[in-house]
Amino acid sequence: MNTSTIDPVIEDIYSRFKTAGIEIDRNKIRSNLDRLLGYKVPLNEASRTVVTMLRKEYNVPFDAFKPGSAGFVPIASLKEDNKWVTIRGKVLQLWEPKSDSISQTGLIGDDSGVLRLTIFAKSAEKLDVILEEGESYELRNVVSSIWQGQISVKANSNSEIIMLDTDIEVKRQSVTVTGIITEVSAGSGLIKRCSECKRKLTKGNCAEHGRVEGVYDLRLKAVLQDSRQANPPQTIDLIMNAAIVEKLTGISLPRAIELATEALDTAVVSDMIAENVIFRYYRISGTQLSSNFLVDEIVPVVGITRQMATDAKNLVSSIEVS
Ligand SMILES: [Zn+2]
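Presented here is an overview of the structure given in this document. All values derive from a computational prediction rather than experimental measurement. For every chain, the first residue of its written sequence is number 1, and the numbers climb from 1 along that sequence. Per-residue local features are limited, in this predicted model, to residues with pLDDT of at least 70; the limit for side-chain atom pairs, both in listing and counting, is 80 or more; totals at the level of whole chains, interfaces and linings are taken over all residues. Side-chain figures throughout are based on the complete set of non-hydrogen atoms in the structure, without hydrogens or water.

### Considering the coordination of the zinc ion
Under perfect tetrahedral coordination by four donors, a metal shows angles of 109.5 degrees; under perfect octahedral coordination by six donors, it shows angles of 90 or 180 degrees. Only Cys194 (SG), Cys197 (SG), Cys206 (SG) and His209 (ND1) from the protein coordinate the zinc ion, and they sit 2.1 to 2.4 Å from it. The sequence pattern describing where the donors of the zinc ion fall on their chain is C-x2-C-x8-C-x2-H. Residue classification places Cys197 among the buried residues on the basis of a relative accessible area of 4%. Three exposure classes are used, based on accessible area relative to the maximum for each residue type with a 1.4 Å probe and protein chains only: buried under 20%, partly exposed in between, and exposed over 50%. We classify Cys206 as buried; its relative accessible area is 5%. With water omitted from the atoms examined, metal sites may look incomplete; donors here are N, O and S atoms no farther than 2.8 Å from the metal, or 3.2 Å in the case of Na, K and Ca.

### Some points on the pairing of strand S3 (residues 114-120)
Two strands form a pair only when DSSP identifies at least two bridges running between them. Each helix corresponds to a stretch of at least 4 residues labelled H or I by DSSP, and each strand to a stretch of at least 2 residues labelled E; elements are numbered beginning at the N terminus. Bridging between strand S2 (residues 102-109) and S3 involves seven bridges; their strand directions are antiparallel. From the neighbouring strand, Thr105 faces S3, where its bridge partner is Thr118. In this antiparallel pair of consecutive strands, S2 and S3, the connection spans four residues.

### Description of the environment of Arg26
Looking at where Arg26 falls in the secondary structure, it is placed in helix H2 (residues 26-38). Given the relative accessible area of 35%, Arg26 is considered partly exposed. Separated by 15 residues in sequence, Arg26 and Glu11 have C-alpha atoms that sit 7.7 Å apart.

### Overview of the packing of helix H6 (residues 253-263) against helix H7 (residues 267-277)
Where H6 contacts H7, the axes come no closer than 8 Å and their chain directions differ by 120°. If you check the angle between H6 and H7, you find them oblique. Side by side, H6 and H7 meet where Ala256, Leu259, Ala260 and Ala263 of the first sit next to Val268, Val269 and Met272 of the second. Each residue gets one label: Ala, Val, Leu, Ile, Met, Phe, Trp, Tyr, Cys and Pro are nonpolar, Asp, Glu, Lys and Arg are charged, and the others, such as Gly, are polar. Of the residues in the contact of H6 with H7, the class split is seven nonpolar, no polar and no charged. Axis lines are fitted to C-alpha atoms, over the contacting stretch for helices. Their N-to-C directions set the angle, which ranges from 0 to 180 degrees. When describing relative orientation, an angle under 35 degrees is termed roughly parallel and one over 145 degrees roughly antiparallel, while 65 to 115 degrees is termed roughly perpendicular and anything else oblique. Residue contacts are counted whenever heavy atoms from the two residues lie within 4.5 Å of one another.

### Section: the nonpolar core
With 28 residues, the main nonpolar core has Ile181, Leu238, Met240, Ile284 and Ile298 as its most contacted residues. For this core, the secondary-structure elements that each account for two or more residues are strand S7 (175-184), strand S11 (215-226), strand S12 (235-240), helix H5 (242-249), H6, H7, strand S13 (281-289) and strand S14 (292-300). Ignoring anything within four residues of it in the chain, the contact list for Met240 reads Ile181, Arg219, Leu220, Val245, Leu248, Val295 and Ile298. Grouping buried Ala, Val, Leu, Ile, Met, Phe, Trp, Tyr and Cys residues that are joined through side-chain atoms within 4.5 Å yields what is termed a nonpolar core. Judged by nonpolar contacts, the second largest core, of 21 residues, contains Val129, Leu131, Tyr137 and Ile161.

### Comments concerning the packing of aromatic side chains
Two rings from Phe, Tyr or Trp (for Trp, the six-membered ring) form a pair when their centres are within 6.5 Å of each other. A pair whose planes differ by under 30 degrees is stacked, one over 60 is edge-to-face, and the rest are tilted. In this structure the tally under the stated criterion is zero aromatic pairs. Both a distance and an angle decide whether a charge sits over a ring: NZ of Lys or CZ of Arg must be within 6 Å of the ring centre and within 35 degrees of the ring normal. Across from the ring centre of Tyr14, 3.7 Å away, lies the NZ or CZ of Arg26, which sits over that ring. Across from the ring centre of Tyr216, 4.9 Å away, lies the NZ or CZ of Lys192, which sits over that ring.

### Focus on H6
One turn of the α-helix equals 3.6 residues, which is why residues spaced by three or four share an orientation. Of the residues making up H6, those classed as buried are Ala256, Leu259 and Ala260. Along the long axis of H6, the arc covered by the buried residues comes to 95°, so they all point the same way. In H6, the exposed residues that point more than 90 degrees away from the buried face are Pro254, Thr261 and Glu262. Where H6 is buried, its residues meet strand S8 (189-193), S11 and H7. Whenever two N or O atoms come within 3.5 Å, that pair is a polar contact, provided that in protein one can donate a hydrogen and the other can accept it, and provided that, for residues adjacent in sequence, both atoms are side-chain atoms. Its side-chain oxygen placed 3.2 Å from the backbone nitrogen of Arg255, Ser252 serves as the N-cap of H6. Just past H6, the residue Leu264 takes up positive phi, approximately 55°. The directions from the helix axis to the C-beta atoms are what the arc is built from.

### Concerning the pairing of strand S4 (residues 136-147)
One face of the sheet, then the other: side chains in a regular strand alternate in exactly this way. Extensive coverage of S4 is indicated by the burial of ten of its twelve residues. In this sheet, S4 lies alongside strand S1 (residues 84-95) in antiparallel orientation, the contact comprising six bridges. Bridge pairing in S4 places Ile87 opposite Leu139. Pairing of S4 with strand S6 (residues 160-163), which is carried by four bridges, proceeds in the antiparallel orientation. Note on S6: the bridge partner recorded for Arg140 is Glu160. Bridging between S4 and strand S5 (residues 150-155) involves five bridges; their strand directions are antiparallel.

The following block contains the structure:
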């Protein structure tokens, strides 16, 4: 076990006992952890076992360990890999996890910044909380991680997630782009999400919860051809939630359900949305996060002539063939 992995855990245990008024020798924590790790016990389990053992030895009541030990930090100050921290933020967006080992993944922000958050499936049951978009949470004892230059936090079975009554204000770095929507991507229109974890259902099935009834949601994923001069031309993957889709196309979630029910087919909704937006020119503001651009506002740019739109369309098709 390399020390950069074990040291934060020792520090965590040390500070938890210190908060409870007990100073434990770090070497004692280390040797106990080392012993368990020698038996190939996973680090988080070893950590729990050592804490339980020491708590018994020093007669520390469980309550003395609340609140969590890892220091509270503003999101933007998180720059190091593998650091135990506590953050408070609002969940801005949740995505369908690409792997069954992940229970939930999305973006969380506070008044300093935004970062990605992941909850592993094996910790989800113990954490006993399902994050919801728009709700604010305190995430205690989560671990920072850097991958491809992007910082994220991961909740594990030593973490604790508490929903807050307050609404945390989020600072977003808003960007404005202009361009033409050239494609409505798969997964757009009327979709069903699992009512438990908000994952998008595939043929009525949630990857985590199996066959569920699900709840309808409306969204648009689209490709924008950025109008800024660039070679090769840049495209941006836009994501719009139900409120933005309604503002943009006039199709509300209830109306989308109605349309799909009448047509006995949900595809009718994405077709109608596509008709509304494809090859139109827009000014869009939002946040670029990972490979997605989360749209806050989208306004058609009026005055663009049909000829210009046709030129753009031709340009795009010529790019696609080349
Ligand atoms: Zn589910």
